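# Architecture and fold: a report
Residues per chain, in single letters:
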Amino acid sequence: MKTCLECGEKIVGREDKKFCSDSCRNAYNNKINKDSTNYMRNINNKLRKNYRILSELNVEGKTKTTRAKLMSKGFDFEFFTSILNTKTGNTYYFLYDQGYMILENDYYVLVKKDI
């Protein structure tokens, strides 16, 4: 006799079932997939916020903005997912597919990678 991995109730039905209901399956998977620490959760929230800001400002796929505008929206320059150094010596900072490069006079070019 198999029991539900979430609530321990007896499972009725297919032999390979692991949960007694969709709600138990969802609850179990939500527990497993949640950010395990406040530290991770805070970093992921900052990454998501930065991504939203870049997406909001960069509707066309490539645009220019200022550091002040990014900061006024709450952008945190310490959090990004990758760095791309080009052959021409430019450095782009990316949050997934949204990126930015520092220009002169506190300007930034915002770009979007084609995935």
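Quick note: structure is the one above.
Now for a description of the structure that goes with this document. (Residues numbered from 1 in each chain as written. Predicted model: local features only at pLDDT ≥ 70, side-chain atom pairs only at ≥ 80, totals over all residues. Heavy atoms only, no water.)

## Section: the packing of aromatic side chains
Under the definition given, this model contains 10 aromatic pairs. Ring centres 5.1 Å apart and planes at 55° place the aromatic pair Phe19 and Tyr28 in the tilted group. What makes Tyr28 partly exposed here is its relative accessible area of 25%. Taken together, Phe75, Phe77, Phe80, Tyr93, Tyr100 and Tyr108 form an aromatic cluster joined through their ring pairs. When the ring centre of Tyr107 is taken as origin, the NZ or CZ atom of Lys64, which lies over that ring, is 5.2 Å away. Here the guanidinium or amino end of Lys113 rests over the ring plane of Phe94, the centre of that ring lying 4.4 Å away. (Phe/Tyr/Trp six-rings, centres within 6.5 Å; stacked < 30°, edge-to-face > 60°. Buried < 20%, exposed > 50% of the residue type's maximum accessible area, 1.4 Å probe, protein only. Lys NZ or Arg CZ within 6 Å of the ring centre and 35° of its normal.)

## Observations concerning the nonpolar core
Within the largest apolar cluster, 12 residues are counted, these being Leu47, Ile53, Leu54, Leu57, Leu70, Phe75, Phe77, Phe79, Leu95, Tyr100, Tyr108 and Leu110. Of all the elements in the fold, those that place two or more residues in this core are helix H2 (38-57) and strand E5 (107-112). Here the element with the most residues in this core is H2; it accounts for four residues. In contact with Leu57, other than residues within four places in its own chain, are Thr63, Thr65, Lys69, Leu70, Lys73 and Leu110. Of all hydrophobic cores here, the second largest spans five residues; its members include Phe94, Met101, Val109 and Val111. (Core = buried A, V, L, I, M, F, W, Y, C linked by side-chain atoms within 4.5 Å. Helix = DSSP H or I, 4+ residues; strand = E, 2+ residues; numbered from the N terminus. Contact = heavy atoms within 4.5 Å.)

## Some remarks on H2
The terminal C-alpha atoms of H2, which comprises 20 residues, lie 29 Å apart, in line with the 28 Å expected from a rise of 1.5 Å per residue. Those residues of H2 that fall on the buried side of the exposure criterion are Leu47, Asn50, Ile53, Leu54 and Leu57. An end-on view of H2 places all buried positions within 125° of arc, on one side of the element. The exposed residues of H2 that point more than 90 degrees off its buried face are Asn38 and Arg52. Turning to H2, the residues buried within the fold contact strand E1 (62-66), helix H3 (67-72), strand E3 (91-95), strand E4 (98-102) and E5. (Expected span 1.5 Å × (residues − 1). Arc of directions from axis to C-beta.)

Shape is all these values report; function is a separate question.
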